[in-house]
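Structural overview
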Amino acid sequence: MPTIDEVVAEAKLHPVEVDVPHTLSYLFLEDYVNVFHDGDVLESYLNNPSYEFNKNVVLKTQSDVGVGSQYPKLKLDHSPISPLLNNIIAEKYDRLSDHLITQRDIKSQILQRVTDETVVVLLIADGLGYDDVLGTQLEGEPCLVNGPTITPVGYQNVVYGRDNTPIIDELINRGFVQVRGYSYWDESTYNDLNSKVFENFHEVNRVRTTEEILEDLQKNPIGDDRTYIQISRQVLDRQAHDGKEIRTSDHEHEISKLNKDIGQLNEILEEQVDSHLIVVTGDHGILWRKDFEQDMQIVSTNGKSSMRYAGQQIGFDGGAKLIDAFDSTYTVFDYPYAASSFDADEAGTHGGLSYYESLVPLHFRGSRW
Ligand SMILES: [Zn+2]
């Protein structure tokens with residue numbers, strides 16, 4: 001299969017029709033060639049004697065408009081869901097949502113899938129990025145985090161969606177009369193966020209491990225009433241900030257433990273109810289030191305920002321985007337900019353725009369999945 005360079009070379013000779021593995025690839029191609037999405041528009045340009053292609057190139061999408069047959073068809077070899085995304089993520093950020101589900105769409109994606117399940121579980125794992133689960137059972141679909149890749153924004157994106165109504169309200173309206181909340185956050189951290197994320201839950205069980213959740217479900221089985229269960233769980237975020245070195249084996253262990261926990265939850269629900277749906281996602285990914293440090297460029301913000309973002313508009317000489325989220329404007333750094341280097345014992349960071357931080361998985365498991 002041809003690479004972008006090979007497609008561009010071919011397209012200098014004559015129009016080509018290009019099929020892509022993922023439509024995000026068109027955002028890369030358009031930097032080299034003219035991309036036409038509509039065959040009729042392309043034809044009108046080709047038939048217009050005053051329009052000069054001038055060694056520019058014409059490409060067509062895989063949409064099945066008629067012109068395709070007369071041009072050579074190429075299938076592009078390109079993986080845009082990869083660190084390559086770092087090359088366009090800030091510059092084309094506003095257009096990425098034409099090609100990717102965003103985190104604020106997750107709520108509606110869940111509500112569309114729910115039919116007559118007795119139980120729906122939403123598990124949000126703190127620090128779970130798409131790259132962390134790539135190639136595992138938890139892979140699912142990549143979703144773009146809207147805004148700075150920080151815990152409060154990520155959680156609220158998932159729970160509140162586009163219309164700022166917590167998902168629990170919509171599920172109650174659809175007959176989920178029982179609700180259960182489980183949170184790994186202890187009472188000294190993230191209290192405000194915990195209240196927001198679990199708004200309208202009568203009570204939230206503070207837990208430290210998934211075993212406690214599984215035990216609680218076994219002690220207090222779910223009856224016939226439709227039940228919504230929401231879980232906030234630590235996965236990699238704590239590790240990133242914990243001040244200990246992360247080995248690949250630790251990282252893999254965390255992911256396989258998460259997968260095992262979800263497998264056990266799935267088994268318990270299979271025993272207790274006729275049908276259920278488990279949804280797993282993350283608040284943001286982690287930019288691991290081992291992936292970032294060699295590329296990192298330090299910019300000066302005069303102490304006005306965290307390593308990868310500022311909670312306000314700041315001026316500085318580097319790449320960043322201003323993004324609004326939940327009534328605040330954030331300055332969010334592009335890859336590979338950072339306002340400081342890693343602390344000696346820090347394994348990762350997050351807050352900015354990058355393939356690693358800005359994509360989280362959306363994974364479904366259950367009776368029908
Ligand atoms: Zn987090």
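This structure is a prediction, so every number in the text was calculated from the model and none was measured. (Residues numbered from 1 in each chain as written. Predicted model: local features only at pLDDT ≥ 70, side-chain atom pairs only at ≥ 80, totals over all residues.)

Comments concerning the overall build of the chain
When helices and strands are tallied, the chain shows 14 helices and 19 strands. Expected size for 369 residues packed as a compact globule is a radius of gyration near 21 Å; at 23 Å, the chain falls within 12% of this value. Judged by the C-alpha coordinates and their principal axes, the chain covers about 75 × 50 × 40 Å. For the chain, the proportion of its 369 residues judged to be buried stands at 42%. (Helix = DSSP H or I, 4+ residues; strand = E, 2+ residues; numbered from the N terminus. Rg over C-alpha atoms; globule rule 2.2 N^0.38 Å. Buried ≥ 20, exposed ≤ 12 C-beta atoms within 10 Å, placed from the backbone.)

Quick word on the nonpolar core
Of all hydrophobic cores here, the largest spans 86 residues; its most connected members are Val120, Val121, Leu122, Leu123, Ile278 and Val279. If you tally residues by element for this core, the top one is strand E6 (residues 119-126), at 7 residues. Structurally, this core is a two-domain feature, drawing no fewer than three residues from each of domain 1 (4-80) and domain 2 (84-288 + 354-366). Not counting residues up to four positions away in its chain, the partners in contact with valine 279 are Ile110, Val121, Leu122, Leu123 and Phe364. (Core = buried A, V, L, I, M, F, W, Y, C linked by C-beta atoms within 7 Å. Domains from an automatic or database assignment. Contact = placed C-beta atoms within 7 Å.)

Digging into unusual backbone geometry
Backbone torsion omega between tyrosine 335 and proline 336 reads 10°, so that peptide bond is classified as cis. Along the polypeptide, proline 336 turns up in the loop between strand E16 (328-333) and strand E17 (337-338). A positive phi is found at asparagine 164, a non-glycine position, where the angle reads about 60°. Assignment of secondary structure puts asparagine 164 in the loop between helix H7 (151-160) and helix H8 (167-173).

Some words on helix H12 (residues 248-272)
An ideal rise of 1.5 Å per residue puts 36 Å on 25 residues; H12 measures up with 36 Å between its terminal C-alpha atoms. Among all positions of H12, only Glu254, Ile255, Leu258, Asp261, Ile262, Leu265 and Leu269 are buried. (Expected span 1.5 Å × (residues − 1).)

What about the sheet that holds strand E14 (residues 309-310)?
Across the sheet, which stays open at both edges, the 3 strands sit in the order E14-E16-E15 with antiparallel pairing between neighbours. Of all the strands in the sheet, the pair left with one neighbour each is E14 and strand E15 (320-325). Of the pairings in the sheet, the one linking E15 to E16 comprises 6 bridges and is antiparallel in character. When the sheet's bridge partners are listed, alanine 325 is paired in E16 with serine 328. (Pairing = 2+ DSSP bridges.)

Looking at the pairing of strand E7 (residues 141-144)
Across 2 bridges, strand E5 (residues 101-102) lies against E7 in parallel orientation. In the sheet register, threonine 102 faces E7, and the bridge partner there is leucine 144. Bridge count for E7 against strand E19 (residues 359-366) is 4 bridges, and the pairing is antiparallel. Residue pairing across strands places proline 142 opposite proline 361, the latter belonging to E19.

Comments concerning the packing of helix H10 (residues 210-219) against H12
Any two packed helices are characterised by the angle at which their axes cross and by the distance between the axes. Across the interface, H10 lies against H12 with an axial gap of 11 Å and an inter-helix angle of 5°. Taken together, the axes of H10 and H12 lie roughly parallel to each other. Contacts between H10 and H12 involve Thr210, Leu214, Leu217 and Gln218 from the former and Asp261, Gln264, Leu265 and Ile268 from the latter. For the contact of H10 with H12, the class distribution of residues is 4 nonpolar, 3 polar and 1 charged. (Axes fitted to C-alpha atoms, helices over the stretch in contact; angles between N-to-C directions. Parallel < 35°, antiparallel > 145°, perpendicular 65-115°, else oblique. Nonpolar A, V, L, I, M, F, W, Y, C, P; charged D, E, K, R; others polar.)

Let's talk about helix H5 (residues 106-113)
Buried within H5 are the following residues: Ile106, Lys107 and Ile110. Across the axial projection of H5, the buried residues extend over an arc of 105°, all falling on one side. Next to the buried residues of H5 lie E6, E7, H7, H8, strand E11 (276-282) and E19. (Arc of directions from axis to C-beta.)

With respect to the domain arrangement of the chain
One can read the domain layout of the chain as domain 1 (4-80) and domain 2 (84-288 + 354-366). Relative placement of domain 1 and domain 2: their C-alpha centres are 39 Å apart.

Points about the environment of isoleucine 268
One can find isoleucine 268 in helix H12. For the pair isoleucine 268 and arginine 308, spaced 40 residues apart in sequence, the C-alpha separation works out to 40 Å. With residues near it in sequence (within four places) discarded, isoleucine 268 still touches Leu214, Leu217 and Gln218.

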